[in-house]
Amino acid sequence: MKIKEIMKRYDVRPSKRLGQHFLMDESFLYKMIKAAEITKEDEVLEIGPGLGVLTLKLADYSRKVVAVEKDGSLIKILEDLLKNRKNVCLINEDVLKLDLNRIKKDYFTNNYFKIVANLPYYITSPILMKVIENRDIISKAVVMVQKEVAERLASLPGSKSYGILSIAVQLYSDVEIVSLVGKGAFFPPPKVDSAIVKLDLQKKAKVDIPDEKIFFKIVEAAFAERRKTVKNSLKNNLELSPEEVDTIFQKTDIDGKRRAETLSIEEFASICRVFMELKGMKGWDKNVFH
Ligand code: SAM
């Protein structure tokens, strides 16, 4: 059944608040499934099944699908639309409240599962951070996001869109923009263009960082004032003395006049190393950060 028919039959009024834009163009469903390399062995978590168009296809191609939908009024409709699919489990919950380890234990048998989802855009960043945090149990994520977010995820140092999200995602995954998707592919059409992004996740960071928490404190401090030089941003936001900040840039051999958005992940890692040396830190110390 087509989206508009489903909406009419069940009298669905899409909720703006929940980011409900249903995918009408089926060609993108296949693109997502192909990019995620779904096989009959795979177990898949779908976030926000909506009216089940992607869920149905995932059920056809994979072993099992667990679909998490926050909107309770859609669950009844999904139960009806998916009643013949024995390999689909629906959960009425906010994905941000979900313990993904619990989901794996309760529903899946493989060591890793995949995520395939047309995300609710208002919570894209927290969902992506959750995916990264759970990379020890997730092998791939293929997600529809706002085009600008896709660009941020894939962007390299020197680009305006390069920032904390790019670093967090690229530290633990290979990022690929699979396809751009126009507004017209959805009903109702969103205000922004979209893109399908694939993240190939890995457990271990791709760059050797001495301490993850401290590394991200430094990255946050550097990007806190994008217009300032990285030296000034670190000095102001990490409360460093002028001598300390000079030592960091001498020892790392990085030009402190550069902006944060030009620094590679490796350069942030070496700043982190020298910072910890300077403060005599072996790991996280809450007294150093306020
Ligand atoms: N998968 C469907 C499709 O492709 O047509 C719907 C995608 S729509 C962009 C996003 C879906 O996420 C909606 O069904 C919405 O109700 C759901 N959603 C919004 N917030 C959520 C949350 N916190 N947890 C789980 N699902 C959520």
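Provided above is the structure to which this section pertains.
Since the model is a prediction, treat every value here as computed from it, not as a measurement.

Colleague: With reference to specific residues and values, describe the site of the ligand.
Modeller: Close contacts around the ligand come from 24 residues, with Leu23, Gly48, Glu69, Asn118 and Tyr122 the closest. The backbone of proline 49 places a nitrogen or oxygen atom 3.3 Å from a nitrogen atom of the ligand. Asparagine 118 is positioned with one of its side-chain polar atoms (N or O) 2.8 Å from an oxygen atom of the ligand. Within the complex, 99% of the 590 Å² of free accessible area of the ligand lies under protein. Listing elements by their share of the shell around the ligand, those giving two or more residues are strand E1 (22-23) and strand E3 (64-69). Taken together, the residues of the shell around the ligand break down into twelve nonpolar, six polar and six charged.

Colleague: Could you give an account of the pattern of salt bridges, naming the residues involved and the relevant values?
Modeller: Counted under the stated rule, the structure contains 22 salt bridges. A salt bridge links arginine 13 to aspartate 11, with the nearest nitrogen and oxygen atoms 2.9 Å apart. Since its relative accessible area comes to 64%, arginine 13 is described here as exposed. A salt bridge links lysine 183 to aspartate 193; the shortest N-O distance between them is 3.8 Å. Taken together, the residues span a long stretch of sequence, with lysine 183 in the loop between strand E7 (173-181) and strand E8 (186-187) and aspartate 193 in the loop between E8 and strand E9 (194-201) at a distance of ten residues. Connected through shared salt-bridge partners, Glu37, Lys140, Lys198 and Asp200 make up one network.

Colleague: Explain the pairing of E9 to me, and be specific about the residues and the numbers.
Modeller: Of all eight residues that make up E9, seven are buried, and the element is covered over most of its length. As judged from the seven bridges shared by strand E6 (residues 138-146) and E9, these two strands associate in the antiparallel manner. Looking at the pairing, valine 143 lines up with valine 197 of E9.

Colleague: Give me the lowdown on the sheet that holds E9, citing residues and values where you can.
Modeller: Paired through their backbone hydrogen bonds, the strands of a sheet run either parallel or antiparallel. Strands sit in the order E4-E3-E2-E5-E6-E9-E7 across an open sheet of seven strands; the sheet is mixed. Edge strands, defined here as strands with exactly one partner in the open sheet, are strand E4 (88-92) and E7. With strand direction ignored, the average angle separating the axes of adjacent strands in the sheet is 20°. As defined by bridge partners, E3 adjoins E4 across five bridges and the pair is classed as parallel. Paired with valine 65 across the strands is valine 88, a residue of E4. Most of the contacts of helix H7 (residues 147-154) go to E6, to which it runs at about 135°, and overall it touches E6, E7 and E9. Along the sheet face, helix H8 (residues 164-172) touches E7 and E9 and points at about 115° away from the line of E7.

Thresholds, definitions, all that
Residues numbered from 1 in each chain as written. Predicted model: local features only at pLDDT ≥ 70, side-chain atom pairs only at ≥ 80, totals over all residues. Heavy atoms only, no water. Near = heavy atom within 4 Å. Polar contact = N/O pair within 3.5 Å; in protein donor to acceptor, adjacent residues only side chain to side chain. Areas by Shrake-Rupley, 256 points an atom, 1.4 Å probe, with all protein chains shown as cover. Helix = DSSP H or I, 4+ residues; strand = E, 2+ residues; numbered from the N terminus. Nonpolar A, V, L, I, M, F, W, Y, C, P; charged D, E, K, R; others polar. Salt bridge = Lys/Arg side-chain N within 4 Å of Asp/Glu carboxyl O. Buried < 20%, exposed > 50% of the residue type's maximum accessible area, 1.4 Å probe, protein only. Pairing = 2+ DSSP bridges. Axes fitted to C-alpha atoms, helices over the stretch in contact; angles between N-to-C directions. Contact = heavy atoms within 4.5 Å.

Just geometry here; none of it tells us what the structure is for.
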